[in-house]
Amino acid sequence: MIMNELIGAASSHVRHRLWVISDLQQAFPERATWCMTRAVADFLEMDMPVEAICYLGDSVEGGNIDFLNQMAKMQAEELGKISAPIYYAIGNHDFDYFHCEKRAHPDENVKMRIPLMDYMRSHPQWHFQKRMTDMYYTVDMGDYALCILTDHADPEGRWHTSHGLIRGDEAAYPYSEADYRSISEHIGALGKPVLTFSHYSFPGGNREAPLLGRMLPLPENVRMHFYGHAHVGDAYWAGKDCHRKIAAVDHQPIMQMNVASLENYRGSAIRSAFVEWYDTDEIGVLFRNHTLRIWDDYIVTRKGDGVRAPEDMHPEVQ
């Protein structure tokens, strides 16, 4: 396949590489195990070391605490075979247990609990926001940085975010539009290129998150955004764009990539993406189909939108 040749030819130029996964999202441990073990086995066979794994939420589904703990244990073991830190963004299905408890105890004050975070506290490979209420966290990777935009919640259970909206007591939500703009300002002040990650897309992508729209326009040092949530091939939820992996952030020359999903029950394949940053300052995104163990797509982008040089612009009409 010509993609194999192109990826192989670029390999000597790789300066940094990340693996981006999202939406394992199975309610039954045997299904989750099937998808995760196939993806990890394929990863290891490719012999493409990464600096980090960015996991964009919905690693589990459902409210059965025994199943949730089994799936967390399995994922810790499988991803533990890879020597790289895991940076996690909470997604909407990570709140399933909380919703089930609320339904089971409607007259009680049910506090927020995210079982995956509870389980992974004893696994130093896994990283989350410091506080459940935090909207984001950044990771310094040397000559670039990661910004993880995550769902967040009140520990008392009064509110949480999902699908890019505020759920529960909206009046108790502590962040304003100015707080979202301050995230963009913080990113711009990092003084280095930044890759952003979230369970959701910015406006312009599939199943976009209204709350993330408050951050626009993004600062110029954002090179690319990665998201999950819209399982490729899932027409029921992703609609007419269910096969779209590549889009732009509205009104900006910033590409955003849909990496979902790491399952082939709702999605059409077990999918993930590799991100390669080349010594030419170009970025390659390699979309992997773990079901077939092949590359589905490969795109290489450079910074900017190709604006013409001033001497090539049309003269103004006098």
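Read on for a plain summary of the structure. Residue numbering note: each chain is counted from 1, following its sequence as written. Totals for whole chains, interfaces and linings use all residues, but because this is a predicted model, local features are given only for residues with pLDDT of at least 70 and pairs of side-chain atoms are given and counted only at 80 or more. Just so you know, side-chain values use all the structure's heavy atoms and leave hydrogens and water out.

Trans peptide bonds make up most of the peptide bonds, and negative phi angles are found at most residues other than glycine. For the bond running from Leu 216 to Pro 217, omega is 0°, close enough to zero to count as cis. Starting at the N terminus, helices and strands are each numbered in turn, a helix being any DSSP run of H or I of at least four residues and a strand any DSSP run of E of at least two. In this fold, Pro 217 is placed in the loop between helix H7 (210-213) and strand E10 (222-227). Look at the link from Ala 260 to Ser 261: it is a cis peptide, with omega at 10°. Assignment of secondary structure puts Ser 261 in the loop between strand E12 (255-258) and strand E13 (271-278). With a phi angle near 40°, Gln 25 is a residue other than glycine that sits in the positive phi range. With respect to the helices and strands, Gln 25 occurs in the loop between strand E1 (14-21) and helix H2 (29-46). One non-glycine residue, Asp 58, lies in positive phi territory at about 55°. Here Asp 58 lies in the loop between strand E2 (52-55) and helix H3 (65-79).

Attention now moves to the packing of H2 against H3. Angle between the axes and distance between the axes are the two parameters that describe a pair of packed helices. Working convention: axes come from line fits to C-alpha atoms, limited for helices to the stretch in contact. Angles between N-to-C directions cover 0 to 180 degrees. Following both chains from N to C, one finds H2 and H3 inclined at 10°, their axes separated by 10 Å at the closest point. One finds that H2 runs roughly parallel with respect to H3. Across from Pro 29, Ala 32, Thr 33, Met 36, Thr 37 and Val 40 in H2, the residues of H3 making contact are Phe 67, Gln 70, Met 71, Met 74, Gln 75, Glu 78 and Leu 79. The nonpolar class holds Ala, Val, Leu, Ile, Met, Phe, Trp, Tyr, Cys and Pro. Asp, Glu, Lys and Arg form the charged class, and all remaining residues, Gly among them, are polar. A breakdown of the residues in the contact of H2 with H3 according to their chemical character gives eight nonpolar, four polar and one charged. Note on terminology: angles under 35 degrees are roughly parallel, angles over 145 are roughly antiparallel, angles of 65 to 115 are roughly perpendicular, and the others are oblique. The criterion used for residue contact is that any of the two residues' heavy atoms lie within 4.5 Å.

The next subject is the sheet that holds E10. Pairs of strands are assigned from DSSP output, requiring at least two bridges between the strands. On the basis of which strands lie adjacent, the open sheet formed by six strands has the order E5-E6-E9-E10-E12-E11 and mixed pairing. On the outer flanks of this sheet lie strand E5 (136-140) and strand E11 (246-248), each paired with one strand and no other. Strand-to-strand twist in this sheet, taken as the mean axis angle between neighbours without regard to direction, amounts to 20°. Relative to the sheet, helix H6 (residues 177-188) contacts E5, strand E6 (145-149), strand E9 (194-198) and E10, its axis offset from that of E5 by approximately 5°.

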